[in-house]
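Summary of structural features
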Amino acid sequence: GKMKEGETTPSAQLEPPGGMEAETKAKGAFSSGMAKLLDPVVSEMDSRTDKILASQEVLTKQLDLFAEELGKFEGVDAVPHLSQYAEKLNASRRKLNKVDMCVQNTRERIGNIQRMHSQLLAFEKAQKERMMGVQDKGGASAEKDATP
């Protein structure tokens, strides 16, 4: 019978323009380009995160030392209203903890991006090896030789 408008043959549905090899090459080139584009950004973010965490640690130690010194004056009547400074110190500590949590979350996300990128590269490599095995040996024997 006649084909209805919008219908394609089964082989046209399965085969991308230029063939499977062209599509695989295009996907590989795209993935490689994205990796090259994102790698310096991820590395820079990781480096900056390390610096932020180091400075946060120094600041936390200084705040703790200051709080300890302020604590020595509790109950002493001759010292002018240190409670307002102690409250400011506590507010700063809370803010510091929030920033620290944000930095830790960012670091985890960077780690996730790096893991996903590595998994994608491994998957693409395995897929390319399978495609090469199918072309070289043909059919079922290539399936046995390919690594998942």
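The rules we used
Residues numbered from 1 in each chain as written. Predicted model: local features only at pLDDT ≥ 70, side-chain atom pairs only at ≥ 80, totals over all residues. Heavy atoms only, no water. Helix = DSSP H or I, 4+ residues; strand = E, 2+ residues; numbered from the N terminus. Buried < 20%, exposed > 50% of the residue type's maximum accessible area, 1.4 Å probe, protein only. Areas by Shrake-Rupley, 256 points an atom, 1.4 Å probe, with all protein chains shown as cover. Contact = heavy atoms within 4.5 Å. pLDDT = per-residue confidence, 0-100. Salt bridge = Lys/Arg side-chain N within 4 Å of Asp/Glu carboxyl O. Expected span 1.5 Å × (residues − 1). 1 Å grid on protein atoms, 1.4 Å probe; cavity = no way out; pocket = protein on both sides within 12 Å on 5 of 7 lines; lining within 4 Å. Points joined across faces, edges and corners; volume = space filled by probe spheres on them. Nonpolar A, V, L, I, M, F, W, Y, C, P; charged D, E, K, R; others polar.

Assigned secondary structure in the protein chain consists of 4 helices and 0 strands. The helix and strand sequence of the protein chain, counted from the amino end, reads α-α-α-α. Classification of the 148 residues of the protein chain by burial places 13% in the buried group. In the structure as shown, the protein chain presents an accessible area of about 12000 Å², 59% of it carried by carbon and sulfur atoms.

This part is about the environment of Leu 59. Structurally, Leu 59 can be placed in helix α2 (residues 19-71). Residue Leu 59 is classed as partly exposed on the basis of its relative accessible area, which comes to 42%. Along the sequence, Leu 59 and Arg 93 sit 34 residues apart, while their C-alpha atoms lie 9.4 Å from each other.

Structurally, the position occupied by Gln 56 is in helix α2. Its relative accessible area of 10% is what places Gln 56 among the buried residues. Setting aside residues up to four positions removed in sequence, Gln 56 forms contacts with Leu 96, Val 99 and Asp 100.

Let us look at the environment of Val 103. Locating Val 103 in the fold gives a position in helix α3 (residues 83-137). Looking at Val 103, the relative accessible area reads 10%, which means it is buried. Each C-alpha atom, one on Val 103 and one on Gln 56, is 9.8 Å from the other, the two residues being 47 residues apart in sequence. Contacts of Val 103, omitting those with residues within four sequence positions, involve Thr 49, Ile 52 and Leu 53.

Summarising the model, the protein chain shows a mean pLDDT of 77, and 78% of its residues fall at 70 or more. No element of the protein chain has a lower mean pLDDT than helix α4 (residues 140-145), which averages 47, and none a higher one than α3, which averages 85. Contacts of residues 140-148 to residues separated by more than four positions or lying in other chains number 9 contacts, the stretch itself having pLDDT below 50.

Here we come to the pattern of salt bridges. Tallying each qualifying case throughout the model produces 6 salt bridges. The residue Arg 107 makes a salt bridge to Asp 50 at a minimum N-O spacing of 1.9 Å. Separated by 57 residues along the polypeptide, Arg 107 in helix α3 and Asp 50 in helix α2 bring together distant segments of the chain. For Asp 50, a relative accessible area of 36% corresponds to the partly exposed category. Residues participating in the shared-partner salt-bridge network are Asp 46, Asp 50 and Arg 107.

An α-helix turns once every 3.6 residues. As a result, residues three or four positions apart point the same way. Relative to the 78 Å expected for 53 residues at 1.5 Å per residue, α2 spans 75 Å between its end C-alpha atoms, a close match to the ideal helical length. Among the residues of α2, Gly 19, Ser 31, Ala 35, Val 42, Thr 49, Leu 53, Gln 56, Leu 63 and Leu 70 are the ones counted as buried.

Let us now look at the layout of surface pockets. Size it by volume and the largest pocket reaches roughly 560 Å³. As for the largest pocket, its lining consists of 20 residues, and the residues nearest its centre are Thr 24, Lys 25, Gly 28, Glu 124 and Lys 128. Where the lining of the largest pocket is concerned, the elements lending two or more residues are α2 and α3. If one sorts the elements of the lining of the largest pocket by residue count, α3 sits on top with 11 residues. Class assignment for the residues of the lining of the largest pocket results in 7 nonpolar, 6 polar and 7 charged.

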